[in-house]
Amino acid sequence: QLVESGGGLVQAGGSLRLSCAASGRTFSSYAMGWFRQAPGKEREFVAAISWSGGSTYYADSVKGRFTISRDNAKNTVYLQMNSLKPEDTAVYYCAADENPTAFSSTYEYDYWGQGTQVTVSS
């Protein structure tokens, strides 16, 4: 089970830090990803991190503003979001998979959280 937290309402230019806590199994050997879905749009890739944390991947739209990290001792992955824009408004989901071949594909991930709402006001 994956449980996201940290979402909320923030003004444009502000910051939020999302957390995804894993329970029921150890996800330290799993790659983790963050995705988001805005109303009326498909779920899209935001960021991903390898099981060791040694490799990270970002969508072009968030590169330089968002940072993904993980603490395997706490079974938790984070998404630090800075310089937020209204277009970042969406429900953010974390996901996990043992060995995704394509980190940015929703089809690669077997485990998903319920999501946390992020709203950025202009």
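Keep in mind that this is a model prediction, so the values were computed, not measured. (Residues numbered from 1 in each chain as written. Predicted model: local features only at pLDDT ≥ 70, side-chain atom pairs only at ≥ 80, totals over all residues. Heavy atoms only, no water.)

**Side note on the overall build of the protein chain**
The helix and strand tally for the protein chain stands at zero helices and eleven strands. Going from N to C terminus, the protein chain has its helices and strands arranged as β-β-β-β-β-β-β-β-β-β-β. A globule of 122 residues ought to have a C-alpha radius of gyration of about 14 Å, and the protein chain, at 13 Å, matches this closely. On the principal axes, the C-alpha backbone points of the protein chain span a range of 40 × 25 × 25 Å. Burial statistics for the protein chain: of 122 residues in total, 44% are counted as buried. Sequence-distant contacts in the protein chain: of pairs separated by 6 or more residues, those separated by 24 or more amount to 58%. On the protein chain, roughly 6,200 Å² of surface is accessible, and the fraction owed to carbon and sulfur atoms is 45%. (Helix = DSSP H or I, 4+ residues; strand = E, 2+ residues; numbered from the N terminus. Rg over C-alpha atoms; globule rule 2.2 N^0.38 Å. Buried < 20%, exposed > 50% of the residue type's maximum accessible area, 1.4 Å probe, protein only. Contact = heavy atoms within 4.5 Å. Areas by Shrake-Rupley, 256 points an atom, 1.4 Å probe, with all protein chains shown as cover.)

**Examining the sheet that holds strand β8 (residues 76–81)**
Spatially, four strands are ordered β1-β3-β8-β7 in an open sheet, and the strand pairing comes out antiparallel. The outermost strands of the open sheet, each flanked by one partner alone, are β1 (2–5) and β7 (66–71). Geometrically, the sheet is characterised by an average inter-axis angle of 15° between neighbouring strands, direction not taken into account. In terms of strand pairing, strand β3 (residues 16–22) meets β8 through six bridges, oriented antiparallel. What sits directly across from leucine 16, in β8, is methionine 81. (Pairing = 2+ DSSP bridges. Axes fitted to C-alpha atoms, helices over the stretch in contact; angles between N-to-C directions.)

**Some remarks on the pairing of strand β4 (residues 31–37)**
The element β4 is extensively covered by neighbouring structure, given that six of its seven residues are classed as buried. Sheet topology note: the β4/strand β9 (residues 90–97) ladder contains seven bridges and is antiparallel. Across the sheet, the residue bridging to tryptophan 34 is cysteine 94, located in β9. In the sheet, β4 pairs with strand β5 (residues 44–49) via five bridges, with the strands oriented antiparallel. Residue methionine 32 lies in a different strand from β5, and its bridge partner there is isoleucine 49. Linkage of β4 to β5, two consecutive antiparallel strands, is achieved through a turn of six residues, within which glycine 40 is found at a positive phi near 80°.

**Some words on the state of the cysteines**
Throughout the structure, instances matching the rule amount to one disulfide. Paired through a disulfide, cysteine 20 and cysteine 94 show a sulfur-sulfur distance of 1.9 Å. Looking along the S-S bond of the cysteine 20-cysteine 94 disulfide, the torsion reads about 50°, which is the right-handed sense. Here cysteine 20, found in strand β3, pairs with cysteine 94, found in strand β9; they are 74 residues apart in sequence, far enough to count as distant. You'll find cysteine 20 and cysteine 94 in the same group, each marked buried. (Disulfide = S-S within 2.5 Å.)

**Remarks on unusual backbone geometry**
Located in the positive-phi region is asparagine 75, a residue other than glycine, with phi close to 55°. Along the chain, asparagine 75 turns up in the loop between β7 and β8. Unlike most non-glycine residues, serine 83 shows phi in positive territory, near 50°. Along the chain, serine 83 falls in the loop between β8 and β9. The class for serine 83 is partly exposed, based on a relative accessible area of 41%.

By themselves, these figures tell us nothing about what the structure is for.
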